[in-house]
Amino acid sequence: MLYKITQIEIDKHIMCFIAVSTLQEVVGKCCLKIRKNKVITYQDAFVNKEHRLKGVYNRLFEERQKFVDNNYKDYKIEAYCRSTTIKKFLDNGFKIKAGLQLVEKNNNEDI
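Note that the coordinates shown come from a computational prediction; the quantities given were computed from them, not determined experimentally.

K.L.:
Honestly, the nonpolar core in this entry has me stumped. Any pointers?
P.N.:
One broad rule of soluble globular proteins: the nonpolar side chains tend to lie buried together. Core analysis: the largest hydrophobic core is formed by 21 residues, its most contacted members being Phe-17, Leu-32 and Leu-60. Mapped onto this core, the elements with two or more residues apiece are strand 1 (3–11), strand 2 (14–21), strand 3 (26–35), strand 4 (39–47) and helix 1 (56–71). Ranked by residue count, the leading element in this core is helix 1, at six residues. Leave out the neighbours within four places in its chain, and Phe-17 touches Ile-5, Thr-6, Gln-7, Gly-28, Lys-29, Cys-30, Leu-32, Leu-60, Glu-63, Arg-64 and Phe-67.

Structure (structure tokens):
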């Protein structure tokens, strides 16, 4: 299945890239946020389960990176990523800055 990547400017600081199938279904997205001090944060990447491992995330990543390369050459890019995407970031010149821990709390449990 082919996918078209569309850019949507949410506001002057947030840009999203949306993957749409030939059946006009939104199958994935990734976003970026433009921050102070020439920093861009990559965020909110997601691909629907039935479309994973079909190249959707790679296309979204590449389109977002191309947009940044063309429009924000002198900005630093930061991203928090999962173990499933760390290789993509490292292969594209990112370096691991810090290890993070995922924590969770079920708010209806007594402490």
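K.L.:
Please clarify how the sheet that holds strand 4 should be interpreted in this entry.
P.N.:
Backbone hydrogen bonds hold the strands of a sheet together, and the pairing may be parallel or antiparallel. Spatially, the five strands line up as an open sheet ordered 1-2-3-4-5, and their pairing is mixed. The sheet terminates laterally at strand 1 and strand 5 (76–79), the two strands that pair on one side only. Neighbouring strand axes in the sheet, compared pairwise and without regard to direction, differ in orientation by 25 degrees on average. Inspection of the sheet shows strand 3 paired to strand 4 by seven bridges, in the antiparallel sense. Residue pairing across strands places Arg-35 opposite Val-39, the latter belonging to strand 4. Along the sheet face, helix 1 touches strand 1, strand 2, strand 3, strand 4 and strand 5 and points at about 30 degrees away from the line of strand 3.

K.L.:
How should I be thinking about helix 1 in this particular structure?
P.N.:
Residues spaced three or four apart along an α-helix face the same direction, because each turn holds 3.6 residues. Between its first and last C-alpha atoms helix 1 spans 23 Å; for 16 residues at 1.5 Å apiece the expected length is 22 Å, and the two agree. Buried residues of helix 1: Val-56, Tyr-57, Leu-60, Phe-61, Arg-64, Gln-65, Phe-67 and Val-68, and no others. Looking straight down helix 1, one finds that the buried residues subtend no more than 160 degrees of arc, so they occupy a single side. Among the structural elements, strand 1, strand 2, strand 3, strand 4, strand 5 and helix 2 (86–91) are those in contact with the buried residues of helix 1.

K.L.:
Just checking my understanding: could you explain the packing of aromatic side chains for this structure?
P.N.:
What characterises a pair of aromatic rings is the spacing of the ring centres plus the angle enclosed by the ring planes. Applying the stated criterion across every chain yields a total of eight aromatic pairs. Pairing Tyr-72 with Tyr-75 gives two aromatic rings, centres 4.9 Å apart and planes at 75 degrees, and the pair type is edge-to-face. Here Tyr-72 falls in the buried class, since its relative accessible area comes to 19%. Between Phe-89 and Phe-94, the ring centres sit 5.0 Å apart and the planes meet at 85 degrees, which makes this aromatic pair edge-to-face. With respect to class, Phe-89 is no different from Phe-94; both count as buried. The rings of Tyr-42, Tyr-57, Phe-61, Phe-89 and Phe-94 are connected pair by pair, giving a single aromatic cluster. One Lys or Arg, Arg-64, reaches over the ring of Tyr-42 and ends 3.8 Å from the middle of that ring.

K.L.:
Sorry, what's going on with the pairing of strand 1 here?
P.N.:
Side-chain positions along a regular strand alternate between the two faces of the sheet. As paired strands, strand 1 and strand 2 are joined by eight bridges and run antiparallel to one another. Within strand 2, the position partnered with Gln-7 by the bridge is Phe-17.

The rules we used
Residues numbered from 1 in each chain as written. Predicted model: local features only at pLDDT ≥ 70, side-chain atom pairs only at ≥ 80, totals over all residues. Heavy atoms only, no water. Core = buried A, V, L, I, M, F, W, Y, C linked by side-chain atoms within 4.5 Å. Buried < 20%, exposed > 50% of the residue type's maximum accessible area, 1.4 Å probe, protein only. Helix = DSSP H or I, 4+ residues; strand = E, 2+ residues; numbered from the N terminus. Contact = heavy atoms within 4.5 Å. Pairing = 2+ DSSP bridges. Axes fitted to C-alpha atoms, helices over the stretch in contact; angles between N-to-C directions. Expected span 1.5 Å × (residues − 1). Arc of directions from axis to C-beta. Phe/Tyr/Trp six-rings, centres within 6.5 Å; stacked < 30°, edge-to-face > 60°. Lys NZ or Arg CZ within 6 Å of the ring centre and 35° of its normal.

In short, shape yes, function no, at least from these values alone.
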